[in-house]
There are 2 protein chains.
Amino acid sequence: MKIALVGVGLIGGSFVLGLKRTMPHLQVVGIDQNAENLIQAKALGIIDSSDTLEHAVQTTDCTILAVPVDAIVHLLPRVLDLANADHTVIDFGSTKAAICGSVKDHAKRACFIAAHPIAGTEYSGPKAAFAELFDNKVMITCEEELSGKQQLALYHQCCASMQMQMRSMDPKSHDLHLAFVSHLSHISSFALGKTVLKKEESEQHIFDMAGSGFASTVRLAKSSPEMWGPIFKHNKENLLDGLNTYIQELERFKALLTSMDEEAMLAYMKEANKIREIVDRIA
Amino acid sequence: MKIALVGVGLIGGSFVLGLKRTMPHLQVVGIDQNAENLIQAKALGIIDSSDTLEHAVQTTDCTILAVPVDAIVHLLPRVLDLANADHTVIDFGSTKAAICGSVKDHAKRACFIAAHPIAGTEYSGPKAAFAELFDNKVMITCEEELSGKQQLALYHQCCASMQMQMRSMDPKSHDLHLAFVSHLSHISSFALGKTVLKKEESEQHIFDMAGSGFASTVRLAKSSPEMWGPIFKHNKENLLDGLNTYIQELERFKALLTSMDEEAMLAYMKEANKIREIVDRIA
């Protein structure tokens, strides 16, 4: 099999490194705006060669789009235009409604599979990629009924090789739920990072006093702005809803602290403790 | 040496387990309101026996107070009343101004050392304790100049045995900075846990889609309400200041998202990325 990998960073790089463990003859052609990334990806064994998008789509079996979501919306119709009817196109975008919408009337819609692998780290680029990232992780597929049989067979074979847990979901539900269980976490972390930097900018040594709890909460503030900006844009309405609820919850805690209603504060925290069973299931 | 350990949970338990590695003859007498905790602590080798507070203080060299901060404020003057002039009393509270204030005019103030070891996990109780928790971690001491020479010698010997990194700080600065680099993280996490549970309560299976980023951000929402309620109470003014700034930062991001000011959103996230060097130093 020959794959055209558009975007040779953490997500795309980890996916093909994962595949290469059980598909030793897999050939990966890299496409990336950043020439330095292509050089690194080659050196790291992520890609075997690089090419133009046009030529790569026409000379491979499958194209994987692992770039920021606005770039996917831009590239996907073009890739489908170039693809022959046997080709498989898979995107790994973290929002799905706008991406699915961009090709809903495309003549070659059946060539496309809308996918979202639930894994990542706060790092980015080819050097951040590693073969085990997607092992046993959840893979969400949207509008599977619109994808072709042959395309789905290839896709499921790839996912099965990493024991990924397959879930189906419509694009709107996907974006709504991801707003709460992923995207909002990133905003809360970016804002916390900003808050603390603002307050502590004159006394950097103070961070000696920050422990692992702080590190855990602001970890996502290290995430790539270039990747997350477009995600927030695509998921704007759900995120505004999430942000409003989150700010209300913070305001409520602030009110309890201001009036020093200790019993209500305790009840608030005990309610939040219920997240335990969910988090323990993830970790 | 013989230590009276008041509170045989994560913090106190880990500290004496840490000490026992290099002080095999150390005897630890446990004092805890919760009888089950005493049984567990004995079984786990944290304590060697249990006793009443009064008798334990009068028959040991050192009393460690590792209980919620409101309990420390309540117990500390009483423990100093009971202590003889050679005794060392150390508290491990996460706020320091109210605790130091509670004994500032006590005749035996020199017996007391106000300490805050910067380490912990989201778990609590004797079973959560482990010997390595404080290895190489920061230990903050407040008002060291008010503690006696003999007491400081014993304290520094204990901390040195775990290679703890010693810092000095006045109680007000301590509480101000900890509000930002620790306490605020907990509130942000409790509120995020509440937000997500509220939105997703009818669809628990949705949490399949939550990844490690979400887990990291809400991890602290699992923390003990009984321990954190009193910390928030003690540090109310600094935390209200922190919460206001945090809510302002979230409101600012919300405004940028609403008006879809992509450049400003990018700048906001790049600013937050500066937390990277700080977090990498902690981890």
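Rules used in this analysis
- Residues numbered from 1 in each chain as written.
- Chains lettered and ligands numbered in written order.
- Predicted model: local features only at pLDDT ≥ 70, side-chain atom pairs only at ≥ 80, totals over all residues.
- Heavy atoms only, no water.
- pLDDT = per-residue confidence, 0-100.
- Helix = DSSP H or I, 4+ residues; strand = E, 2+ residues; numbered from the N terminus.
- Buried < 20%, exposed > 50% of the residue type's maximum accessible area, 1.4 Å probe, protein only.
- Salt bridge = Lys/Arg side-chain N within 4 Å of Asp/Glu carboxyl O.
- Pairing = 2+ DSSP bridges.
- Contact = heavy atoms within 4.5 Å.
- Axes fitted to C-alpha atoms, helices over the stretch in contact; angles between N-to-C directions.
- Least-squares fit on C-alpha atoms with pLDDT ≥ 70 in both.
- Expected span 1.5 Å × (residues − 1).
- Bend = angle between axes of the 7 residues up to and from the residue.
- Parallel < 35°, antiparallel > 145°, perpendicular 65-115°, else oblique.
- Left-handed = near helix turned anticlockwise from the far one by under 90°.
- Phe/Tyr/Trp six-rings, centres within 6.5 Å; stacked < 30°, edge-to-face > 60°.
- Lys NZ or Arg CZ within 6 Å of the ring centre and 35° of its normal.
- Buried area = accessible area lost by both parts, 1.4 Å probe.
- Polar contact = N/O pair within 3.5 Å; in protein donor to acceptor, adjacent residues only side chain to side chain.
- Right-handed = clockwise from strand over helix to strand, strands pointing away.

Looking at the confidence of the model for chain A
- Here chain A averages 95 in pLDDT, while 98% of its residues score no lower than 70.
- Interface confidence for the predicted complex, expressed as ipTM, amounts to 0.90; the pTM equals 0.91.

Observations regarding unusual backbone geometry
Residues and elements named next belong to chain A.
- You will see that Asn-136, though not glycine, has its phi angle at about 65°, which is positive.
- Mapped onto the secondary structure, Asn-136 falls in the loop between β6 (112–117) and β7 (138–142).
- On the basis of relative accessibility, which here comes to 46%, the residue Asn-136 falls in the partly exposed class.

Some thoughts on the pattern of salt bridges
- Under the defined criterion, the tally for this structure stands at 30 salt bridges over all chains.
- We note a salt bridge from Glu54(B) to Arg78(B), for which the minimum N-O separation is 2.6 Å. Within this pair, whereas Glu54(B) is found in helix α3 (residues 53–58), its partner Arg78(B) is found in helix α4 (residues 69–82), the two being separated by 24 residues in sequence.
- If you follow the salt bridges from partner to partner, you end up with Asp280(A), Glu122(B), Arg219(B) and Lys222(B) in one network.

A short note on the sheet that holds strand β4 (residues 62–65) of chain B
Residue and element names in this part refer to chain B.
- One open sheet accounts for eight strands, arranged β3-β2-β1-β4-β5-β6-β7-β8; its pairing is mixed. The strands lining the two open edges of the sheet, one partner per strand, are β3 (49–50) and β8 (165–169).
- The pairing of strand β1 (residues 2–6) with strand β2 (residues 27–31) spans five bridges and is parallel. Note that in β2 the partner of Ala-4 across the bridge is Val-29.
- Along the sheet, helix α1 (residues 10–22) makes contact with β1, β2, β4, β6 (112–117) and β7 (138–142), crossing β1 at roughly 160°.

Quick word on the relation of the copies chain A and chain B
- Rotating chain A by 180° and moving it 0.0 Å along the rotation axis overlays it on chain B with an RMSD of 0.0 Å. The superposition operator between the copies reduces to a two-fold rotation axis. The C-alpha atom lying nearest the rotation axis in chain A is that of Thr217(A); the distance is 2.3 Å.
- The share of interface residues of chain A whose copies in chain B are also at the interface is 100%, consistent with both copies meeting through the same surface.

Notes on α4(B)
Residue and element names in this part refer to chain B.
- For α4, spanning 14 residues, the distance from its first C-alpha to its last is 20 Å, which sits close to the expected 20 Å at 1.5 Å a residue.
- Of all the bends in α4, the greatest reaches close to 35° and is centred on Leu-75; the proline Pro-77 follows between one and four positions later.
- Within the span of α4, buried status applies to Val-69, Ile-72, Leu-75, Leu-76, Val-79 and Leu-80.

Here we look at the packing of helix α11 (residues 262–273) of chain A against helix α9 (residues 225–234) of chain B
- Interhelical geometry of α11(A) versus α9(B) gives an angle of 135° and a closest axis separation of 10 Å. The angle between α11(A) and α9(B) places the two elements in the oblique class. Here the hand of the crossing between α11(A) and α9(B) comes out right-handed. Two secondary-structure elements touch here, α11(A) through Glu262(A), Met265(A), Leu266(A), Met269(A), Lys270(A) and Asn273(A) and α9(B) through Pro225(B), Glu226(B), Trp228(B), Gly229(B), Phe232(B) and Lys233(B).

Let's talk about the sheet that holds strand β3 (residues 49–50) of chain A
Residues and elements named next belong to chain A.
- Reading across from one edge, β3-β2-β1-β4-β5-β6-β7-β8 is the order of the eight strands in this open sheet, with mixed pairing throughout. At either margin of the open sheet sits one strand with a lone partner, and together these are β3 and β8 (165–169).
- Of the strand pairs in this sheet, strand β4 (residues 62–65) and strand β5 (residues 88–91) are connected by four bridges, and their pairing is parallel. Note that in β5 the partner of Cys-62 across the bridge is Thr-88.

Some thoughts on the packing of aromatic side chains
- According to the stated counting rule, one finds twelve aromatic pairs over all chains in the structure shown.
- Relative to Phe92(A), the ring of Phe15(A) has its centre 4.7 Å away and its plane inclined at 65°; by these criteria the two rings are edge-to-face. Taken together, the residues Phe15(A) in helix α1 (residues 10–20) and Phe92(A) in the loop between β5 and α5 (97–102) connect sequence positions 77 residues apart.
- For Phe15(A), a relative accessible area of 1% translates into the label buried.
- Take Phe92(A): its relative accessible area is 7%, and that puts it in the buried class.
- Among the aromatic residues, ring-to-ring pairing joins Phe253(A), Tyr268(A), Phe190(B), Trp228(B) and Phe232(B) into one connected group.
- Above the face of the Tyr268(B) ring, Lys194(A) is positioned so that its terminal group lies 4.7 Å from the ring centre.

Overview of the interface of chain A and chain B
- Each side of the interface is counted separately: chain A has 89 residues, and chain B has 89 residues.
- Roughly 8900 Å² is buried in total at the junction of chain A and chain B, and carbon and sulfur atoms are behind 68% of that figure.
- Interface area lost by chain A to chain B is led by Val181(A), Lys194(A) and Met209(A), which between them contribute 8%.
- Counting every contact that joins chain A to chain B gives ten salt bridges.
- The partner of Asp241(B) in a salt bridge is Lys199(A), and the shortest N-O contact between them spans 3.3 Å.
- Here chain A and chain B share 29 residue pairs in polar contact (both at pLDDT 80 or more) between them.
- For the side of chain A that touches chain B, the secondary structure elements donating two or more residues are β7, β8, α7 (171–200), α8 (212–218), α9 (225–234), α10 (236–258), α11 and α12 (275–282) of chain A.
- The leading source of residues in the side of chain A that touches chain B is α7(A), at 19 residues.

Side note on the pairing of strand β5 (residues 88–91) of chain B
Residue and element names in this part refer to chain B.
- Here β5 shows a buried face lined by Thr-88 and Ile-90 and a second buried face lined by Val-89 and Asp-91.
- Traced from β4 through α4 to β5, the parallel crossover comes out right-handed.
- The pairing of β5 with β6 spans three bridges and is parallel. What sits directly across from Ile-90, in β6, is Ile-113.
- Crossover connection from β5 via helix α5 (residues 97–102) to parallel β6: handedness right-handed.

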